[in-house]
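# Summary of structural features
Each chain is listed here by its residues.
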Amino acid sequence: MKGVFPVGKFADLQTPFYYYDTRILRQTLEVIRQETNKMERAVVHYAIKANANPQVLRTIREYGLGADCVSGGEIKAALQAGFSPDKIVFAGVGKADWEINLGLEHGIFCFNVESIPELEIINELAAAKGVVANVEFRVNPDVKAHTHANITTGLAENKFGIALSDIEKVIALAQQMEHVKFIGLHFHIGSQILNMNDFAALCNRVNELLEQFEKHHIKVENINVGGGLGVDYQHPNRQAIPDFQDYFKTINSLIRRREGQVLHFEPGRSVVAQCGSLISKVLYVKQGTNKQFAILDAGMTDLIRPALYQAYHKIENISSELPMETYDVVGPICESSDVFGKAVDLNQTKRGDYIAIRSAGAYGEIMASQYNCRALPKGYTTEDLL
Ligand code: LLP
């Protein structure tokens, strides 16, 4: 065992694979539970898009969280993991008819609607089934989050949500429809946000809207502020659990809720990122002209975040205690962007060593692809390896 890894248990497993440290996941969920209990009328829906490993989902469900889904597949995964339909919300800009029908058949809590055409289709499909669908409208709050451009979502230029200027018109339209019921507002400004001022800006926008709605006698039962809390990719051990206390406190104290309003959160990354690592083996150490490469059996197909977002993940050799040397850590895929890290300090590395790429529990396994006809990586929790 080196650091947090049961390396001895890895011998029989085919690399690369994802390893989820159940202890970290449970500690994180315990903090979320404690902090949620401090607030009144607060509900946390885990954003399944971050990680849908069945064992991970079951553990999250055990702690009483609901599920935020963005596809029919995610709704099925949530149901299979035992999430109760009345704790499932369904978001996404492009919901297909079968996906809407699946949500209606299971009587999920609500649909987060992003456009008028979508609202009309939900009303039509609900009418065909003789049911009424709860809908929240996703508002594009036009608030800038200080994060990577590919993962900001709350700007007017993004494809998400309904513009602030249209929102009252859309609510009025919904109120005339017989098979949808307007129950709340949904927001999400982006992901990997560590500056609480960004969430404060969102809260200000929410407050402005609530005031405007109050004047116009529009009742809002639910306020869903989305996800977005970031994690410390530099220090996965020191900061294994994100600062949920600050996050929940900031939002809960700033939003001026009206009587009975329920506050909803949709964290994804912050729940699962730090418990997961991509474990791979070194295939070759190759001497380049001015550098040496550690070539892994894991590639961008297993973890695409560095290639897609230039994301930093801490990399460790968990088999070696030798002095540090510097390597470019790369995968075997035929793409120059298949690089996990440049000039990475690792304990002196040889063929067969295990390498852990840390903080990979969120948007890791779930974004894996089969490019180059590779097999998808499997995921194991600590409990699986007992
Ligand atoms: N709610 C909505 C409406 C979302 O769009 C998202 C994430 C979440 C909740 C969860 O956000 P989180 O708490 O995880 O930040 N693949 C990218 C991240 C994409 C996030 C998409 N939306 C990455 O690897 O960084």
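Coordinates for the structure precede this section.
Residues numbered from 1 in each chain as written. Predicted model: local features only at pLDDT ≥ 70, side-chain atom pairs only at ≥ 80, totals over all residues. Heavy atoms only, no water.

## Concerning the overall build of the protein
Counting its regular elements, the protein contains 10 helices and 17 strands. Rg of the C-alpha trace for the protein: 22 Å, near the compact-globule value of 21 Å for 386 residues, within the 12% margin. Dimensions of the protein, computed from C-alpha atoms along their principal axes, come out at roughly 70 × 40 × 40 Å. Of the contacts made within the protein by residues no fewer than 6 positions apart, 72% connect residues no fewer than 24 positions apart. When the accessible surface of the protein is totalled, it reaches about 16700 Å², and 50% of it is carbon and sulfur. (Helix = DSSP H or I, 4+ residues; strand = E, 2+ residues; numbered from the N terminus. Rg over C-alpha atoms; globule rule 2.2 N^0.38 Å. Contact = heavy atoms within 4.5 Å. Areas by Shrake-Rupley, 256 points an atom, 1.4 Å probe, with all protein chains shown as cover.)

## Re the state of the cysteines
Under the criterion given, the structure shown has 0 disulfides. Here Cys 69 stays unpaired: no disulfide links it, and the sulfur of Cys 110, its closest cysteine neighbor, is 11 Å away. Cys 203 forms no disulfide, and the closest cysteine sulfur to it belongs to Cys 110, at a distance of 19 Å. Cys 203 gets classed as buried once you look at its relative accessible area, which sits at 1%. (Disulfide = S-S within 2.5 Å. Buried < 20%, exposed > 50% of the residue type's maximum accessible area, 1.4 Å probe, protein only.)

## Structural notes on the nonpolar core
Counting 98 residues, the largest nonpolar core has Ile 60, Phe 111, Phe 137 and Phe 265 as the members making the most contacts within it. For this core, the element with the most residues is helix α7 (residues 196–215), which contributes 8 residues. Viewed by domain, this core spans two of them, domain 1 (23–271) and domain 2 (274–385), each represented by three or more residues. What Phe 265 contacts, discounting residues up to four positions off in sequence, is Met 39, Ala 42, Val 43, Val 44, His 45, Val 225, Gly 226, Tyr 247, Phe 248 and Ile 251. (Core = buried A, V, L, I, M, F, W, Y, C linked by side-chain atoms within 4.5 Å. Domains from an automatic or database assignment.)

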